[in-house]
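# Secondary and tertiary structure notes
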Amino acid sequence: NKKAVIFDLDGVICSTDKYHYIAWKAMADSIQVYFDENINHRLRGVSRMESLEIILERAKREFTEEEKIQLTEKKNQIYQKMLNQMSESDLSGEVWNTLKRLKESGILLAIGSSSKNTKLILERLGLKDFFDIVIDGNDISNSKPDPEVFLKAADSLGVPVEECLVVEDANAGIQAAYAGGFQTVGVQEAAGNEHTTFPVKHFDEIIKLIEA
Ligand code: BG6
Ligand code: MG
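Each value, and the rule that gives it
- Residues numbered from 1 in each chain as written.
- Chains lettered and ligands numbered in written order.
- Predicted model: local features only at pLDDT ≥ 70, side-chain atom pairs only at ≥ 80, totals over all residues.
- Heavy atoms only, no water.
- Phe/Tyr/Trp six-rings, centres within 6.5 Å; stacked < 30°, edge-to-face > 60°.
- Helix = DSSP H or I, 4+ residues; strand = E, 2+ residues; numbered from the N terminus.
- Buried < 20%, exposed > 50% of the residue type's maximum accessible area, 1.4 Å probe, protein only.
- Lys NZ or Arg CZ within 6 Å of the ring centre and 35° of its normal.
- Contact = heavy atoms within 4.5 Å.

This brings us to the packing of aromatic side chains. Geometry of an aromatic ring pair is reported as the spacing of the ring centres plus the angle between the planes. Scanning the model with the defined rule gives six aromatic pairs in all. Seen in terms of ring centroids, F7 and F203 are 5.9 Å apart; in terms of plane orientation they differ by 20 degrees. Their pairing is stacked. With F7 in strand 1 (residues 4-7) and F203 in the loop between strand 6 (198-199) and helix 9 (205-211), this pair connects stretches of sequence that are 196 residues apart. Accessibility expressed as a relative area gives 0% for F7, which makes it buried. Relative to F182, the ring of F150 has its centre 6.1 Å away and its plane inclined at 65 degrees; by these criteria the two rings are edge-to-face. Taken together, the positions of F150 in helix 7 (residues 148-157) and F182 in the loop between helix 8 (171-180) and strand 5 (183-186) put the pair 32 residues apart, joining distant regions of the chain. In this structure F182 comes out as buried when scored by relative accessible area, which is 5%. When the ring centre of Y79 is taken as origin, the NZ or CZ atom of K75, which lies over that ring, is 4.4 Å away.

Here we take up helix 8. Listing the buried residues of helix 8 in full gives A172, G173, I174, A176, A177 and G180. Buried residues along helix 8 sit in contact with helix 7, strand 4 (164-168) and strand 5. Count one or two residues on from helix 8 and you reach G181, which has phi positive near 85 degrees.

Attention now moves to the environment of L9. Note that L9 resides in the loop between strand 1 and helix 1 (17-30). By relative accessible area, which is 0% here, L9 ends up buried. Sequence separation of L9 and G112 is 103 residues, and the distance between their C-alpha atoms is 7.1 Å. Residue contacts for L9: discarding those within four places in its chain leaves C14, I111, S113, T118, I121 and L122.

In structure tokens, the structure reads:
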């Protein structure tokens, strides 16, 4: 029996992954580095700087630490412009109904995200004060696939790992949860991961899993 659900943010609660892609693509184009949707899959769940390192694998020259910081800042500016256009209407009915239903059942709800933009995104979606605990990229030293973000969320909730369910869309996120000993719900590409406990097609299937 589960007492808590820890949700990843990007690609689970909202479709910000498409904005990440557009922003990284603009950054990569500006330094003439090849980047496409396939490479973008590898960035899911990993931190901003680690994402840049993956993109720079294709670069024809070395970049200094200072240049790398500038490039991540540039990407984040483009990304935040899109985030600032988001509103409550970007929260799907299915996600909202599922969150509400779980909360009504007395399940504790948390966010476990690598993103340093988590608070901004939750605010845009009208979810600023909705979750019991929010652990994000500002609270951790090791990003997914390290389990730190989920372990910290479970600890802050005061719920043992075995009584938490982690919901993820990314392989790095499933690896992180698996390494931390959590059972997982996998949506999108994470539904195909060998370590995913419950692969689902539709987000609201989480309700059945919890109430079972
Ligand atoms: C994760 C995304 O949630 O956050 C990654 O899946 C992203 O793609 C990471 O790189 C860091 O995000 P941000 O908002 O701090 O740049
Ligand atoms: Mg994600």
